[in-house]
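Structure at a glance
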Amino acid sequence: MKLEPIVGRYGEFQFQGAKQRLYFEEAGSGIPLICLHTAGSDGRQYRAVLNDSSIRQNYRVIVFDMPWHGKSSPPAGWQNQDYRLTTGMYTELIMGFARALDLERPVVMGCSIGGRIVLDLALKHARQLRALIGLQSGAFVERYYDPSWLDHPEVHGGRACGAVAYGLMSPLSPEAERWETVWHYMQGGPGVFTGDLYFYQVEGDIRGRIGEIDTSVCPLYLLTGEYDYSASPRDTEAVTARVKGAKFTVMKGLGHFPMSENPEAFLGYLRPVLEEIRAGR
Amino acid sequence: MIEGLARLVNDNPAIVRWGRRMNQTFMVEVGAEQYLVKVAEGKLAVEKGPFTQRSWVFAIRAKREAWERFWQKTPAPGWHDLFALLRRGDVAFEGDQRVLMAYLQYVKLVLAAPRGA
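Before going into details, it helps to say that this report is about the structure given with it. Everything quoted here is computed from the prediction, not taken from an experiment. (Residues numbered from 1 in each chain as written. Chains lettered and ligands numbered in written order. Predicted model: local features only at pLDDT ≥ 70, side-chain atom pairs only at ≥ 80, totals over all residues. Heavy atoms only, no water.)

Moving on, we get to the pattern of salt bridges. All names here are of chain B. If you walk through the whole model with that rule in mind, you get 21 salt bridges over all chains. Measuring nitrogen to oxygen at the nearest pair gives 2.9 Å for the salt bridge that ties Asp-90 to Arg-88. By sharing partners, the salt bridges in this structure join Glu-33, Lys-48, Arg-64 and Glu-68 into a single network. (Salt bridge = Lys/Arg side-chain N within 4 Å of Asp/Glu carboxyl O.)

Written as structure tokens, this is what we have:
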């Protein structure tokens, strides 16, 4: 068996007033780089970033599964409540995780819901962060389909969530990677994807405040796949039009899950950004 | 494009397996033209309208130009998925959404089957 350099750990984590068992993976050493997975999925999406030898040389890449996702269980009593992600919870999770691991001024990179929350972090925590990278970032997404069917006893949630994720990818991305991305979605717990979408499509609207982001305090890089119709290049453009100094690149031939649907193409866009951040340009 | 759909799907076990439990009839409209797609255990038969009094469980309606862009061998961004058309307002889903969402992956693969054919 050829072993990968990725190491997975569990840790006890105080979050939302309760002890929670959080799972995370890491590889490499140097500047801490926290990667945030998409709604309803888990940290496996970043496998290629964790495994990339050139990134590992200069970065300590760390990927956690959000509570309720992947190998991080929901808190005790989950059966009595609906899971609903909010801006406050998500921010507490990321900044609390960085503190819990004593990470000094980490870079935070997030995709989709993660691409939204990095805009919030740019507003509220810029001084504690070295740089922010938003993948598929938009300030808000109006609901264009009814997500209640993704959490319905008469519809198989895994199949429905997988089918929604499938369409968000590029037809040019390799089959194997696309279908693995779908598989991660099929493994989500009931109501978790829709709970994340509450933040993405209802609560987490920051259109009114993005103009206050100061990229001279914390650089902001935005990378968006051209085949994404959830957070389209046009949605990211609307952000850059109002955030002075944000650096925006359209990723040709990629969709909503660049890091997992086409890792090779994505790394081609990511490596120069990480080099620029390291050089402090 | 849709006339050849039955052969494209029925000869492809990688699509049929996603609809193995489906026994339903749904409507596809390509502009003014109506097609009833009758699915039995993942295999289907297509009947061309017009119809006067026929039942279907859900309907998917889009303009001919939208389907033509959707059926390109490599569709352009925004034209590559049923939900992409939904986001841009170029498709309507009617009828029983529960059945559509339960078989969404199958329906997506079926309707994309004519690409490059």
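From this point, the discussion proceeds with the structure in view.
Turning next to the packing of helix 3 (residues 87-100) of chain A against helix 4 (residues 113-124) of chain A. Residues and elements named next belong to chain A. Across the interface, helix 3 lies against helix 4 with an axial gap of 10 Å and an inter-helix angle of 80 degrees. By the angle class used here, helix 3 and helix 4 are roughly perpendicular. Contact residues: helix 3 offers Thr-87, Tyr-90, Thr-91, Ile-94 and Met-95, while helix 4 offers Ile-113, Gly-114, Ile-117, Asp-120, Leu-121 and Lys-124. Broken down by class, the residue content of the contact of helix 3 with helix 4 amounts to six nonpolar, three polar and two charged. (Axes fitted to C-alpha atoms, helices over the stretch in contact; angles between N-to-C directions. Helix = DSSP H or I, 4+ residues; strand = E, 2+ residues; numbered from the N terminus. Parallel < 35°, antiparallel > 145°, perpendicular 65-115°, else oblique. Contact = heavy atoms within 4.5 Å. Nonpolar A, V, L, I, M, F, W, Y, C, P; charged D, E, K, R; others polar.)

Here we take up the packing of aromatic side chains. Considering all chains together, one arrives at 19 aromatic pairs over all chains under this definition. For the ring pair Tyr-10 of chain A and Tyr-23 of chain A, a centre distance of 5.0 Å and an interplane angle of 55 degrees mean the geometry is tilted. On the criterion of sequence distance, the pair formed by Tyr-10 of chain A in strand 1 (residues 7-15) and Tyr-23 of chain A in strand 2 (residues 18-27) is long-range, its members being 13 residues apart. Accessibility expressed as a relative area gives 38% for Tyr-10 of chain A, which makes it partly exposed. For the pair Tyr-144 of chain A and Tyr-229 of chain A, a centre-to-centre distance of 6.2 Å together with 75 degrees between the ring planes defines the contact as edge-to-face. One end of the pair, Tyr-144 of chain A, is in the loop between strand 6 (131-135) and helix 5 (157-167); the other, Tyr-229 of chain A, is in the loop between strand 7 (220-225) and helix 8 (233-240), with 85 residues separating them in the sequence. The class for Tyr-229 of chain A is buried, based on a relative accessible area of 5%. Above the face of the Tyr-23 of chain A ring, Lys-71 of chain A is positioned so that its terminal group lies 5.1 Å from the ring centre. Of note, Arg-17 of chain B hangs over the ring of Trp-18 of chain B, and the distance from its end group to the ring centre comes to 5.3 Å. (Phe/Tyr/Trp six-rings, centres within 6.5 Å; stacked < 30°, edge-to-face > 60°. Buried < 20%, exposed > 50% of the residue type's maximum accessible area, 1.4 Å probe, protein only. Lys NZ or Arg CZ within 6 Å of the ring centre and 35° of its normal.)

Turning next to helix 6 (residues 175-186) of chain A. All names here are of chain A. With 12 residues, helix 6 extends 16 Å from end C-alpha to end C-alpha; this agrees with the ideal 16 Å at 1.5 Å per step. Within helix 6 the residues assigned to the buried category are Arg-178, Thr-181, Val-182, His-184, Tyr-185 and Met-186. Buried residues along helix 6 sit in contact with helix 5, helix 7 (192-203) and helix 9 (258-261). (Expected span 1.5 Å × (residues − 1).)

This brings us to the environment of Glu-47 of chain B. Residues and elements named next belong to chain B. Note that Glu-47 resides in strand 3 (residues 43-48). C-alpha separation for the pair Glu-47 and Ala-112, spaced 65 residues apart in sequence, amounts to 18 Å. The contact partners of Glu-47, leaving out residues within four places of it in the chain, are Gln-34, Tyr-35, Leu-36 and Arg-54. Side chain to side chain, Glu-47 and Arg-54 meet in a polar contact 2.8 Å long. (Polar contact = N/O pair within 3.5 Å; in protein donor to acceptor, adjacent residues only side chain to side chain.)

Quick look at the pairing of strand 3 of chain B now. Residues and elements named next belong to chain B. Pairing of strand 2 (residues 33-40) with strand 3, which is carried by six bridges, proceeds in the antiparallel orientation. Within the sheet, the bridge partner assigned to Tyr-35 lies in strand 3 and is Lys-48. Remark: two residues form the turn of the hairpin made by strand 2 and strand 3, two consecutive strands paired antiparallel; Glu-41 in that turn has positive phi of roughly 50 degrees. (Pairing = 2+ DSSP bridges.)

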